[in-house]
Amino acid sequence: MNPKVQIRKIELLSDNWYTLRKYTLDYQRSDGTWEEQQREAYDRGNGAAILLYNKLKKTVILTRQFRLPTYVNGNESGMLIEACAGLLDEDSPESCIQREAEEETGYRLSKVQSIGQAYMSPGSVTEILHLFVAEYSDDMKTGQGGGLDEEQENIEVLEIPFAEALEMVENGEIQDAKTILLLQHAKLHDLVELSSAASMQILIAGPYRSGTGDDPDKIAANLQAMNEAALQVYRLGHLPVLGEWYALPLMGTAGSKEMGDEIFNEIFHPSCVRLLAHCDAVLRIGGASQGADEMVRVAAEGRKKIYYGIKELYCVI
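Below is a short write-up of the structure. (Residues numbered from 1 in each chain as written. Predicted model: local features only at pLDDT ≥ 70, side-chain atom pairs only at ≥ 80, totals over all residues. Heavy atoms only, no water.)

1. Structural notes on the overall build of the protein chain
Thinking step 1. When helices and strands are counted, the protein chain shows nine helices and 14 strands.
Thinking step 2. For 317 residues, the compact-globule estimate of 2.2 N^0.38 gives 20 Å, and the protein chain exceeds it by more than 25% at 27 Å.
Thinking step 3. For the C-alpha atoms alone, the extent of the protein chain along its principal axes is close to 85 × 55 × 35 Å.
Thinking step 4. Relative to its 317 residues, the protein chain shows a buried fraction of 40%.
Thinking step 5. The contacts of the protein chain with a sequence gap of at least 6 include a subset with a gap of at least 24, amounting to 59%.
Thinking step 6. For the protein chain, the exposed surface amounts to about 18,100 Å²; the carbon and sulfur share of it is 49%.
Thinking step 7. Each charge class in the protein chain was averaged separately, 30 positive and 49 negative side chains, and the resulting centres sit 3 Å apart. (Helix = DSSP H or I, 4+ residues; strand = E, 2+ residues; numbered from the N terminus. Rg over C-alpha atoms; globule rule 2.2 N^0.38 Å. Buried < 20%, exposed > 50% of the residue type's maximum accessible area, 1.4 Å probe, protein only. Contact = heavy atoms within 4.5 Å. Areas by Shrake-Rupley, 256 points an atom, 1.4 Å probe, with all protein chains shown as cover. Lys, Arg positive; Asp, Glu negative; His and termini not counted. Charge placed at Lys NZ, Arg CZ, Asp CG, Glu CD.)

2. Comments concerning the pattern of salt bridges
Thinking step 1. What the rule picks out here adds up to 20 salt bridges.
Thinking step 2. The residue E35 makes a salt bridge to R29 at a minimum N-O spacing of 3.3 Å.
Thinking step 3. Overall, E35 belongs to the partly exposed group, its relative accessible area being 27%.
Thinking step 4. Across the salt bridge formed by E127 and R44, the nearest N and O atoms sit 2.9 Å from each other. Taken together, the positions of E127 in the loop between strand 8 (113-119) and strand 9 (128-135) and R44 in the loop between strand 3 (34-43) and strand 4 (47-54) put the pair 83 residues apart, joining distant regions of the chain.
Thinking step 5. Relative accessible area serves as the criterion here: at 27%, R44 is assigned to the partly exposed category.
Thinking step 6. A single network of salt bridges, built from pairs that share partners, joins R67, E82, D176 and K178. (Salt bridge = Lys/Arg side-chain N within 4 Å of Asp/Glu carboxyl O.)

3. Focus on the sheet that holds strand 11 (residues 201-205)
Thinking step 1. Pairing within the open sheet is parallel, and its four strands lie in the order 12-11-13-14. The strands lining the two open edges of the sheet, one partner per strand, are strand 12 (239-241) and strand 14 (305-307). When strand polarity is set aside, the average angle formed by the axes of neighbouring strands in this sheet is 25°.
Thinking step 2. With three bridges connecting them, strand 11 and strand 12 associate as parallel partners. (Pairing = 2+ DSSP bridges. Axes fitted to C-alpha atoms, helices over the stretch in contact; angles between N-to-C directions.)

4. Let's talk about the environment of R303
Thinking step 1. Tracing the chain through its elements places R303 in the loop between helix 8 (290-301) and strand 14.
Thinking step 2. Considering only alpha carbons, one finds R303 and V273, 30 residues apart in sequence, at a separation of 14 Å.

5. With respect to the sheet that holds strand 1 (residues 5-14)
Thinking step 1. With antiparallel pairing, three strands are arranged side by side in an open sheet as 1-2-3. Strands with a single pairing partner mark the edges of an open sheet, and in this sheet they are strand 1 and strand 3. Strand-to-strand twist across the sheet, computed as the mean angle between neighbouring axes with direction ignored, equals 20°.
Thinking step 2. Direction of pairing for strand 1 relative to strand 2 (residues 19-28): antiparallel, over a ladder of eight bridges. Bridge pairing links S14 to L20 in strand 2.

6. A closer look at the packing of helix 5 (residues 216-235) against helix 6 (residues 243-254)
Angle between the axes and distance between the axes are the two parameters that describe a pair of packed helices.
Thinking step 1. Contact geometry of helix 5 with helix 6 gives a least axis separation of 11 Å together with a crossing angle of 135°. Classified by the angle between their axes, helix 5 and helix 6 sit oblique to one another. Of the residues in helix 6, those in contact with L223, M226, N227 and A230 of helix 5 are E244, W245 and L248.
Thinking step 2. Taken together, the residues of the contact of helix 5 with helix 6 break down into five nonpolar, one polar and one charged. (Parallel < 35°, antiparallel > 145°, perpendicular 65-115°, else oblique. Nonpolar A, V, L, I, M, F, W, Y, C, P; charged D, E, K, R; others polar.)

7. A few points about the state of the cysteines
Thinking step 1. Under the definition given, this model contains zero disulfides.
Thinking step 2. Distance from the sulfur of C84, which forms no disulfide, to the nearest cysteine sulfur (C96) is 8.4 Å.
Thinking step 3. Lacking any disulfide linkage, C279 is separated from the closest cysteine sulfur, that of C272, by 9.9 Å. (Disulfide = S-S within 2.5 Å.)

8. Section: the packing of aromatic side chains
Thinking step 1. One pass over the structure, following the stated rule, counts six aromatic pairs.
Thinking step 2. Ring centres of Y18 and Y42 lie 6.2 Å apart, and the angle between their planes is 75°; this geometry places the pair in the edge-to-face category. Pair noted here: Y18 is in the loop between strand 1 and strand 2 and Y42 is in strand 3, with a separation of 24 residues, a long-range link.
Thinking step 3. Accessibility expressed as a relative area gives 24% for Y18, which makes it partly exposed.
Thinking step 4. Using a relative accessible area of 28% as the deciding quantity, one classes Y42 as partly exposed.
Thinking step 5. Between F264 and F268 the ring centres are 4.8 Å apart and the planes differ by 10°, which places this aromatic pair in the stacked class. On the criterion of helical spacing, the pair formed by F264 and F268 is a turn pair, its members being four residues apart in helix 7 (residues 262-276). (Phe/Tyr/Trp six-rings, centres within 6.5 Å; stacked < 30°, edge-to-face > 60°.)

9. A short note on the environment of E90
Thinking step 1. Within the secondary structure layout, E90 lies in the loop between strand 7 (84-87) and helix 2 (93-105).
Thinking step 2. With relative accessibility at 79%, the residue E90 sits in the exposed group.
Thinking step 3. Sequence spacing of E90 and D138 is 48 residues, and the spatial spacing of their C-alpha atoms is 30 Å.

Okay, structure coming up:
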């Protein structure tokens, strides 16, 4: 026990669901003086969480369910995407997470790997969460999962490409702390390898001027959309390129004064066609665009791969 902490009084505030206690204590500060403090601690027991991953399919198993605390604190739907998890009750962490994995996801695991433990909200909650990872395969599936009816669980099981799950962390679709920890662990330790010999140079083709009426703000928005797609392609292990990255500086250097002038027409689309000759594939994004459609047509004639969304690239990594 810490000699700098002397608990003088414990009051039970609630035991309706779990246990909430109020502690009155004396705490010795670093300068040697003592002060009285009052703190509350919520005891819900300890828990375990697991990330199921498949190396061959490059996927992970996550769940989606309603979480009231998030609903009353800014999550409009109350739905949260999470890794499988549950309370230990009287089980060991390993037994608990194997039971929870089968109940929630439908996969029966014979082997799990511990990667450590963490206090998830140490300012108010006593819980220690034991963290695990495990490989899964289709032949391990014993049921549909979804949780237990008697516990009022209504859990949706999600099989998601690993790269997409990482992107969901980046864009805020996944906000659950334990899930973020597990996904980052999987990324850091290459549990699901995203890089391979399949890495390609991919031309991002989308509207630039089309539908903008040459409004600079709308053109900038179109360019930003292509840049954002390029970033996702890069994070998937490929090399993205935009014709605009080459054409715009060249046109400026050549003295183009406005869109559609002689220099613009000399460089803009022709540079994209030249660039495409050095690419393995085209990713077509956004709305109507004659120029982007031309890139798709030229790519098809050259027997290059054509993709119409980021998700199509997940399966080729």
